[in-house]
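Each chain, letter by letter, is given below.
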Amino acid sequence: MRHTIPALALALLAAVAVPAEAGQRHRGAFMEDMFKQVDKNDDGAVTRAEIDAFHAERFAAADADGDGRITLEEATAFEMTRAEDHAKRWIARMDENGDGVVSREEMAERHGHWMMKDDANDDGAVTLDEMR
Ligand SMILES: [Ca+2]
Ligand SMILES: [Ca+2]
Ligand SMILES: [Ca+2]
């Protein structure tokens, strides 16, 4: 499956999709997500076999023609697919009125809401300390 989304548009979207979240928290969520993907039998522990199976699966997904080698084209197509999935999830999250597109207002609303939830002392302003 090939996609022709301009790389620049995706890079811009990625920058928007992953706001300057407090680094650790984002990394924690990312690691948890990754862990869950690898932990196939969901027992809360990742074995070497599960890691190998995960890599085999990923390799097979990227190796489009199945020749056992991932070329630049295959890697690009694979990354594009992942970027598109990511973009779709981002739009689904931001698209308040469900019209399939994100308006400036929707983005401002979601982002504003997301930032202000850290306002621990409820004074209507978020400090760097509160974000940590
Ligand atoms: Ca496991
Ligand atoms: Ca190949
Ligand atoms: Ca919308």
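Undergrad: Even after reading the chapter, I still don't get the overall build of the protein chain, so can you show me in this structure?
TA: Scanning the protein chain from terminus to terminus reveals six helices and zero strands. When the helices and strands of the protein chain are listed from N to C terminus, the series reads α-α-α-α-α-α. A buried classification covers 0% of the 132 residues belonging to the protein chain. For the protein chain, long-range pairs separated by at least 24 residues make up 28% of all intrachain contacts whose partners lie at least 6 apart in sequence.

Undergrad: Teacher, can you tell me more about the confidence of the model for the protein chain here?
TA: Caution is warranted with low-pLDDT regions, since their predicted coordinates should not be read in detail. Per-residue confidence for the protein chain averages 84 on the pLDDT scale, and 81% of its residues sit at or above 70. The low-confidence segment residues 1-5, where pLDDT is below 50, has eight contacts with residues more than four positions distant or belonging to other chains. Across residues 15-22, where pLDDT falls below 50, the model places six contacts with residues more than four positions away in sequence or in other chains.

Undergrad: Honestly, the environment of Val38 in this entry has me stumped. Any pointers?
TA: Residue position: Val38 is located in helix H2 (residues 23-38). A C-alpha to C-alpha distance of 6.1 Å links Val38 and Ile51, two positions 13 residues apart in sequence. Sequence-distant contacts of Val38, that is, excluding residues within four places in its chain, are made with Val46, Glu50, Ile51 and Phe54.

Undergrad: Can you walk me through unusual backbone geometry in this structure?
TA: Generally, phi is negative for residues other than glycine and the peptide bonds are trans, each holding for most cases. With a phi close to 60°, Asp42 is a non-glycine residue in the positive phi region. Inspection of the secondary structure puts Asp42 in the loop between H2 and helix H3 (48-62). Judged by the 7 C-beta atoms lying within 10 Å of it, Asp42 is exposed. Residues other than glycine seldom take positive phi values, yet Asp122 does so here, at roughly 55°. Along the chain, Asp122 falls in the loop between helix H5 (104-116) and helix H6 (128-131).

So, how was this worked out
- Residues numbered from 1 in each chain as written.
- Chains lettered and ligands numbered in written order.
- Predicted model: local features only at pLDDT ≥ 70, side-chain atom pairs only at ≥ 80, totals over all residues.
- Helix = DSSP H or I, 4+ residues; strand = E, 2+ residues; numbered from the N terminus.
- Buried ≥ 20, exposed ≤ 12 C-beta atoms within 10 Å, placed from the backbone.
- Contact = placed C-beta atoms within 7 Å.
- pLDDT = per-residue confidence, 0-100.

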